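Remarks on the overall topology
Spelled out, the chains give:
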Amino acid sequence: MEYINLKERKDILQLGFKDKDDNIVKDEKGNEVFIEFDLGDIELPLKYNKCVNQIEQARRNLKSQFIIIDKKQDHKGKQLLSSNEYEKVKATKQFYRDMEIAMDLFLGQGGTKKFLNGRNPYWEMWDDIDEMLRPYYDKMKLTVSDMTDRIKEKYKVTESDVLTND
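Below, the structure is looked at part by part.

Cut-off values and rules
- Residues numbered from 1 in each chain as written.
- Predicted model: local features only at pLDDT ≥ 70, side-chain atom pairs only at ≥ 80, totals over all residues.
- Heavy atoms only, no water.
- Salt bridge = Lys/Arg side-chain N within 4 Å of Asp/Glu carboxyl O.
- Buried < 20%, exposed > 50% of the residue type's maximum accessible area, 1.4 Å probe, protein only.
- Patch = residues over 30% accessible without salt bridge, like charges linked within 9 Å, V, L, I, M, F, W, Y side chains within 5 Å.
- Areas by Shrake-Rupley, 256 points an atom, 1.4 Å probe, with all protein chains shown as cover.
- Helix = DSSP H or I, 4+ residues; strand = E, 2+ residues; numbered from the N terminus.
- Arc of directions from axis to C-beta.
- Contact = heavy atoms within 4.5 Å.
- Phe/Tyr/Trp six-rings, centres within 6.5 Å; stacked < 30°, edge-to-face > 60°.
- Lys NZ or Arg CZ within 6 Å of the ring centre and 35° of its normal.

A few words on the pattern of salt bridges. Scanning the entire structure with this criterion turns up nine salt bridges. Of the charged contacts in the structure, one is a salt bridge between Arg 134 and Asp 130, with a shortest N-O distance of 3.0 Å. Residue classification places Arg 134 among the partly exposed positions, given a relative accessible area of 48%. Within the structure, one salt-bridge network assembled from shared partners comprises Glu 56, Arg 59 and Asp 127.

As structure tokens, then:
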């Protein structure tokens, strides 16, 4: 059998993590934890847009659920929480799951957990992640015009060495 050597992937932006003490975050095997973005992925701007839209939708859904729960008659629960408080906790847990799914669309599978680095999800986590990534958005070229320019540049025709009828 013969083999084809695959080329090294180009245009990959890898972003590692540091903890609050400025130490590089490593996994249980001692490997650096990072996320990566394929800058050549034509869908990267679409993934970002879908991520943002799904997060906003999840926030609207949670607020709506809270309004509905608040309109219900509250009952003393079996434990510390009342029935409405328990429903709000369940709704919030679902909200965090929905946010993680949305963020992983853009950050890659497991990207949200890498950012959280052992922390539990929280309301502003997307805002915090978005703020941390903002300095890299120019490199990611998340606008359609950036992606169009990139494709035009890659496939532009040069006129050197063209045969002509002289």
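After that view of the structure, there is still more to cover.
What follows is about a nonpolar patch on the surface. Together, Leu 80, Leu 81, Tyr 86 and Val 89 make up a nonpolar patch on the protein surface, roughly 430 Å² of accessible area in all. Summarising the element assignment, Leu 81 is placed in the loop between α1 (44-71) and α2 (83-107). Residue Leu 81 is classed as partly exposed on the basis of its relative accessible area of 37%.

We now examine helix α4 (residues 125-133). Of the residues making up α4, those classed as buried are Met 125, Trp 126, Ile 129, Asp 130 and Leu 133. The arc enclosing the buried residues of α4, seen along the axis, measures out at 130°, which places them on a common side. Taken together, the buried residues of α4 touch β1 (12-16), β2 (34-38), α1, α2, α3 (111-116) and α5 (137-140).

It is worth spelling out the packing of aromatic side chains at this point. Summed over all chains, the structure comprises eight aromatic pairs. An angle of 40° between the planes, with centres 5.1 Å apart, marks the rings of Phe 37 and Phe 106 as tilted. Of this pair, Phe 37 sits in strand β2 while Phe 106 sits in helix α2; the two residues are 69 residues apart in sequence, bridging distant segments of the chain. Here the aromatic rings of Tyr 48 and Phe 106 are separated by 5.1 Å at their centres, their planes lie at 65°, and the arrangement is edge-to-face. Taken together, the positions of Tyr 48 in helix α1 and Phe 106 in helix α2 put the pair 58 residues apart, joining distant regions of the chain. The pair formed by Tyr 48 and Phe 106 is uniform in burial state, with each residue classed as buried. If you follow Lys 114 out to its NZ or CZ, it ends over the ring of Phe 34, 5.9 Å from the centre.

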